[in-house]
Amino acid sequence: MTSTLDQAIDQIQHRGTLSRMMSHQIFWVFAAAVLACLALTLMTDTFATERNLFNVSRNFAFVAIIAIGMTAVIASGGIDLSVGSVVVLSAMVISTMMESGNSFWLSAICALLVALAVGAINGTLIAYAGMPAFVVTLGMLSAARSAAMVLSNNKMIWEFGPDHDLLLWIGGGSTLGLPHPLYALIALTLVTGFVFRWTRWGQYLFAIGGNEQAATLTGIPVKRLKVTIYMFSAFTAGIAGILMAGWLGSVTTNLGQAMELTVIAAAVIGGANLAGGEGTATGAVVGALLIEVIRNSLILLGISTFWQGMFIGTFIVVAVGFDRVRHMRN
Amino acid sequence: MSRLSLKGITKSFGAIHALENVSLDIAAGEVLGLMGDNGAGKSTLVKVIAGNFRPTRGEMRMDDRPVEFHRPVDAQRAGIEVVYQDLALCDNLTAASNVFLGREATRRVGPIKVIDYAEMHRTSAGLFRQLKSETRPRDLVRKMSGGQRQAVAIARTLLSKPKIVLMDEPTAAISVRQVAEVLDLIRRLRDQGISVVLISHRMPDVFAVADKIAVLRRGSLVTAKPAAHSSPEEVTGLITGAIEAA
């Protein structure tokens, strides 16, 4: 009796690596992205060129960086609609400061501090005032973009003072053939993946998303944690804002407009559950990759860009649909 | 010597007396079935013991030393753990993560503290073995049966080596087979010298495991005696008021 009980307790569900991989949504999304890439390589002679792949990897990096922060928020059971506005606010802070002669590093730190402050305001209103995340961040979506307009007087900025070339190099340059935003993305993915799995912060984040009341009852500092989660999301948007300023070489107040929707789409396609409790950093990256590949392929295949939304929208529904089917089978 | 001793506990909310002069003793390794109608004061009494409420009057002693709980943490430190009615589990986490929720085992790797999953799996496997429950530490709670979920919630209380476990309606919304599992879990706790306070509406469950029965009616204790000296009929009479006191 005891031996069978011990066996039952110690049993780990032995499944092959392949079957375990196939049970994850990101496996299928990744497979779809790879298939799309293969098809494009065969169907066009423009996709698999160095130039195009460079562009794809750089373009998707911006969305993917923010999607990682968004995944943290969604996995904790919240939502952050203000990321697109934080992008423009961060870009505007760094560009106005650099234009008036400050160094890149000082300006970048200030831009990130402003982004963190926005996240702290979001988090405090949500956690301590108990307001719905949707409403708070919707308000911030409007307020942060307006702050960026006030800051720049709604003018385009394209001169970045003494460190002008450094900013353009950091956001738009490349090392060893890979665009710099991709390096930032890889670093962020590794760090966040580690934090999600191996630290208390990560564990608590998923606990809050799974059952907030239980998390509170077991003594987890839920409110404080929520504030840091929204700060993390805003931080990723701030990083993306700085990199985008350098990539574009000019900053206007419509930067990052409607970006929050693409970011949420990437996170959800990558397996983040809007009901909370699920999501991975790699999933967010793969989701963002798939969206960019779809976008790129439509352009290369000469299909009107008006169709983009249709394809991305369909993919969101299909990805979540797959997930539902899997849950029903369990 | 009693593990927990309540003397003249009174709790008033303004003009309402939720508890009136309740005196009750629980021995080590004893299962106390606490019964009463809705609003009789069961939950209030449990909340006083668990440190959620401070009694208006009265004294609590543990192992013959007076104790005073200002917050639930105080009660926890003194060795009192609560299994909540809805179990307070996170479905998306593994059994081991739930057992350790809020007090994860960690080890240092360079400057950072990382979660020690190996240690958490080992310890929770030991607790499940102790409870004789076929629950795998690595399984997600979402995929578990009602009995296994109870085992996870109870294993969580065992982590801190408690003296008293309070269980609020653990058999309220589960199947007959799972009720049997939960009653078994309660017996395992008792066998380890842990006192259990079982709050329940279900007469058969209480009589199946309780050593002692206590009945509350409108805030007053109307009986507290060995289960062997009572009967479901008597308890029903006491709960409704058909029998004044016993």
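- An unreviewed UniProt entry annotates chain B as Monosaccharide ABC transporter ATP-binding protein, CUT2 family originating from Wenxinia marina DSM 24838.

- In the nomenclature of an unreviewed UniProt entry, chain A corresponds to Monosaccharide ABC transporter membrane protein, CUT2 family from the organism Wenxinia marina DSM 24838.
- Its UniProt record gives chain A a comment under Subcellular location (unreviewed entry), which states: "Cell membrane".

**With respect to the overall build of chain B**
Part 1 of the reasoning: Tallying secondary structure elements over chain B gives 8 helices and 12 strands in all.
Part 2 of the reasoning: The C-alpha radius of gyration computed for chain B amounts to 19 Å, which stays within 12% of the reference 18 Å derived for 246 residues, consistent with globular compactness.
Part 3 of the reasoning: Seen through its principal axes, chain B has C-alpha atoms that stretch 65 × 40 × 35 Å.
Part 4 of the reasoning: Going through the 246 residues of chain B one by one, you find that 45% of them count as buried.
Part 5 of the reasoning: For chain B, restricting intrachain contacts to residue pairs at least 6 apart in sequence, the fraction spanning at least 24 positions comes to 65%.

**Section: the sheet that holds strand E2 (residues 16-26) of chain B**
All names here are of chain B.
Part 1 of the reasoning: Spatially, the 4 strands line up as an open sheet ordered E2-E1-E4-E5, and their pairing is antiparallel. Looking along the sheet, the strands with just one partner apiece sit at the ends: E2 and strand E5 (65-67). Adjacent strand axes in the sheet meet at a mean angle of 30 degrees, parallel and antiparallel pairs treated alike.
Part 2 of the reasoning: Examined bridge by bridge, strand E1 (residues 4-13) and E2 share 7 bridges and lie antiparallel to one another. Paired with Leu-4 across the strands is Ile-26, a residue of E2.
Part 3 of the reasoning: Each of E1 and E2 is contacted by helix H1 (residues 42-49), which is oriented at about 60 degrees to E2, the strand it contacts most.

**A look at the domain arrangement of chain B**
Part 1 of the reasoning: Once the domains are mapped, chain B shows domain 1 (4-79 + 162-240) and domain 2 (92-144 + 151-156).
Part 2 of the reasoning: Computed over C-alpha atoms, the centres of domain 1 of chain B and domain 2 of chain B are 28 Å apart.

**As for the interface of chain B and chain A**
Part 1 of the reasoning: In this assembly, 22 residues from chain B lie in contact with 25 residues from chain A.
Part 2 of the reasoning: Elements supplying a minimum of two residues to the side of chain B that touches chain A: strand E8 (112-115) and helix H4 (117-130) of chain B.
Part 3 of the reasoning: Counting residues per element, the side of chain B that touches chain A draws most heavily on H4(B), at 3 residues.
Part 4 of the reasoning: Looking at the side of chain B that touches chain A, its residues break down into 10 nonpolar, 4 polar and 8 charged.

About the criteria used
- Residues numbered from 1 in each chain as written.
- Chains lettered and ligands numbered in written order.
- Predicted model: local features only at pLDDT ≥ 70, side-chain atom pairs only at ≥ 80, totals over all residues.
- UniProt positions renumbered as here; feature names shortened; annotations may be inferred.
- Helix = DSSP H or I, 4+ residues; strand = E, 2+ residues; numbered from the N terminus.
- Rg over C-alpha atoms; globule rule 2.2 N^0.38 Å.
- Buried ≥ 20, exposed ≤ 12 C-beta atoms within 10 Å, placed from the backbone.
- Contact = placed C-beta atoms within 7 Å.
- Pairing = 2+ DSSP bridges.
- Axes fitted to C-alpha atoms, helices over the stretch in contact; angles between N-to-C directions.
- Domains from an automatic or database assignment.
- Nonpolar A, V, L, I, M, F, W, Y, C, P; charged D, E, K, R; others polar.

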